[in-house]
Every structure is written in C-alpha cells, then in structure tokens.
Amino acid sequence: MNHRPLGRSGLSIAPLVFGGNVFGWTADEAMSHRLLDAFVDGGFNAVDTADVYSAWVPGHTGGESEGVIGRWLKARGRRDDVLVLTKVAMWPAQPGLSAANIVSAVEGSLKRLQTGHIDLYQAHQDDAETPMDETLEAFDRLIKAGKVRAIGASNFTPGRLGQALKVSADGGLARYETIQPKFNLYDRNEVEGALDVVTTREEIGVIPYYGLAAGFLTGKYRTQADLEGKARGRTVARDYLNAKGLKVLAALDEAAKAVSATQAQVALAWIMAHPSVTAPIASATSIEQLTELMGAARLVLPAEVIEKLNAAGAA
C-alpha cells in the first residue's frame, strides 16, 4: 500500500482514512471491532475520530467512538499498526481551543483511547475567542510532553489557517500539519482555490471528509422517492438532488462502467487522485461496505475519466 505524508510531520498514511463517527452509533461495538480488524488487515493504517462522537445520539454523552477504539486497541494489541487521529473543540462538554480546555480534553481522549499518545490531534473547529498563540502553545507543550505526535486543523478558513501557520513560524511552535475540509465531486470549493494555495505552499496534508456527499455519490438516491424514510434524505434533497447533482451522477455512472467499479469507488478514487489531497475519510457500517470502500484505493482512473468527472462537477 502506497503511503502518503501527513504534511511535514514525518507521519504517513495509506490513501484512505476510516471515519470513526459511526463507532458505537450506527455500528455497534462488535461490528466496529470487526471493521477495524478488516481495515488494518486490508493494509490501511489511519482511523479518525473526535471527542464529540457521538454526543448527538439520544442517550450518548460524547466519547463513545474513542471508547470503542480504545477497547479495540487494548484487545488486539495493535497500537503500533495504526495512527489514531482525534479532535478537540466541538464537544459541548469541552468546547473551544483554550489552553485549559486542550489540556483537560487530551487527558480524557487518552484515557478513552487507552493509549499513551495521539498521533494527530486536531482542532475540530476554529475558536475566534481564543488567541491563536495560546492554542498553539498548548498544542506545542503536548508534543514536547510526548502525548501528541502532530497537530492538525479542521473546518478552518484558508485565511485563518494561514494566520495560524504564521503564528507557529514566528513563535517557533508546532504547526498544523493537516487540514480537514469538506470535499467531493460536487463540493469542491473548500479545497480548490484559496485553500489549495496555502496547502500547496506550506505542504499541508489534506484529509477531506464527506467524500460520498451523504451517500448521494453512491448512486442510490436519484429521485425524491429514493429518499423516503432515509436518515440522510433531507440533506440529499436539499444539497444534491438538483441539475448539477444529476449531471455528476451521470458522469459517475459512465465512469463506473468504464472502469468496472461502483460509483462509490469511483467517487473516492477521484478524490485520492486529486493532486491536493492526501487521503479522504470515509465510514462504513458493514464489512461489505468497507470492502467496497477499500477497493477504491486500488482503483486507477484513466486521465480521460478524470477529465470527464472534473467537467461534470465543475462549479
């Protein structure tokens, strides 16, 4: 499996990251552990989660996903086989990027993950109320203490990411080595444009989420009738079931036929082939789904297929 660098951190990952938001939620613990086993056995090595996962579920409080991963790590003894990526700032129980919150939150994450260090600790969202130097100094201390190996950002604007990188450079502090934006064949503006200028110049790893656009890019949802009773039906209807979306699906159908793959595999392979991207994040709740997603990493799209997909999803 070809690995790609996470910025200048010295860490590298296979071209697909498992999105752990489903662990303990739409995938129960037993299935979550089976999925993790299959993912690592398939040659992949990065799992992304957050302290807030899955506080939105009735009866959950947050930390459930980290807990599932931690019990898997303890049961399997495979800590050295995976890079654990988690996040701080979005959990209502521990919000923001103040130094005090980061210090407290990392201890909770380490305990739930049952590990002595986090490979990539990410600011889940920007915090305009906290000075950037306070946040970055706190992260820097965690790296020097050996509790974190590298730091990243998520949901930052290009401008704010650039400011943070300057604060790090000026202060001799650890810098954000990665960024997590929304990116897929339909939603391209967060990666292509101003952010691309920053990430290319500064060699920042790009780990996009929402690669399948709430399931729309699997090709399952083409009419309003297809969305009835579906958990993501409202999102798909609002954001993707339109003229541009149907144009993208038509191009996906053609590409999938041309390369003998599924629409989901083509959609993820297109992201993996994008010159700005390190690896997309994707989730699965069954072994069958995961097997399909992992197949995308071994799919090489011909240049002419990429060109047609680019044209279909252009703004």
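Below: a short report on this structure. (Residues numbered from 1 in each chain as written. Predicted model: local features only at pLDDT ≥ 70, side-chain atom pairs only at ≥ 80, totals over all residues. Heavy atoms only, no water.)

## Thoughts on the pairing of strand S8 (residues 176-180)
Quick reminder of the rule: Throughout, exposure labels follow a simple rule: accessible area from a 1.4 Å probe, protein chains only, divided by the maximum for the residue type, with under 20% read as buried, over 50% as exposed, and the rest as partly exposed. Going along the chain from the N terminus, every DSSP run of H or I of four or more residues is numbered as a helix, and every run of E of two or more is numbered as a strand. The criterion for strand pairing is that DSSP finds at least two bridges linking the strands in question. We call a crossover right-handed when, viewed with the strands running away from us, the connection from the first strand over the helix to the second turns clockwise.
Burial within S8 is extensive, with five of its five residues counted as buried. By the bridge criterion, three bridges tie strand S7 (residues 148-154) to S8 in an arrangement that is parallel. Looking at the pairing, Ser154 lines up with Gln180 of S8. A crossover links S7 with its parallel partner S8, the connecting element being helix H5 (residues 158-171), and its sense is right-handed.

## What to know about the layout of surface pockets
Inclusion rule: The way it works is a 1 Å grid over only the protein atoms, where trapped points that fit a 1.4 Å probe form a cavity and open points with protein on both sides within 12 Å along at least five of seven lines form a pocket, and then any residue with an atom within 4 Å of a point lines it. Grid points are joined across faces, edges and corners, and a volume is the space filled by probe spheres set on the points.
Its boundaries defined by the atoms lining it, the largest pocket holds a volume of some 1300 Å³. What lines the largest pocket is a set of 40 residues, among which Asn21, Tyr210, Ala214, Arg232 and Ser283 lie closest to the centre. Those elements that place two or more of their residues in the lining of the largest pocket are helix H8 (233-239), helix H10 (263-273), strand S10 (281-282) and helix H11 (287-296). With three residues, the single largest contributor to the lining of the largest pocket is H11.

## Notes on the pattern of salt bridges
The condition is simple: Put simply, a salt bridge is a Lys or Arg side-chain nitrogen that is within 4 Å of an Asp or Glu carboxyl oxygen.
In this structure the tally under the stated criterion is 20 salt bridges. The partner of Arg76 in a salt bridge is Asp37, with the nearest N and O atoms 2.8 Å apart. With a gap of 39 residues between them, Arg76 in helix H2 (residues 64-76) and Asp37 in helix H1 (residues 29-41) connect regions that are remote in the sequence. Assessed through its relative accessible area of 17%, Asp37 is described here as buried. Salt-bridge contacts for Lys166 lead to Asp170; the nearest nitrogen and oxygen are separated by 2.6 Å. One end of the pair, Lys166, and the other, Asp170, are both in helix H5, four residues apart, so they sit about a helical turn from each other. The same class applies to Lys166 and to Asp170, which are both exposed. Salt bridges linked by common partners bring Arg175, Glu177, Arg201 and Glu202 together as one network.

## Focus on the packing of aromatic side chains
Operational definition: Classification of ring pairs rests on two measures: the distance between centres of Phe, Tyr or Trp rings, Trp counted by its six-membered ring, which must be within 6.5 Å, and the angle between planes, read as stacked under 30 degrees, edge-to-face over 60 and tilted in between.
Tallying each qualifying case throughout the model produces 12 aromatic pairs. When the ring of Phe18 is compared with that of Phe39, the centres are 5.3 Å apart and the planes differ by 90 degrees; the resulting orientation is edge-to-face. Highlighted residues: Phe18 in strand S3 (residues 17-19) and Phe39 in helix H1, separated in sequence by 21 residues. Like Phe18, the residue Phe39 is buried in the burial classification. With a centroid separation of 5.1 Å and 20 degrees between ring planes, the pair formed by Phe39 and Phe44 is classed as stacked.

## Let's talk about the nonpolar core
Heads up, the condition is: By nonpolar core we mean a set of buried residues, namely Ala, Val, Leu, Ile, Met, Phe, Trp, Tyr and Cys, connected to one another through side-chain atoms within 4.5 Å. Throughout, a contact is declared for two residues whenever any of their heavy atoms are within 4.5 Å.
Tyr121, Phe139, Tyr176, Val266 and Leu309 are the most contacted members of the largest nonpolar core, which has 93 residues in total. In terms of residue count, H10 provides more of this core than any other element does, eight residues in total. In this structure, Leu309 is in contact with Leu185, Arg188, Ala251, Leu252, Ala255, Val266, Trp270 and Leu301, ignoring residues within four places of it in sequence.

Any link to function would need more than the numbers given here.
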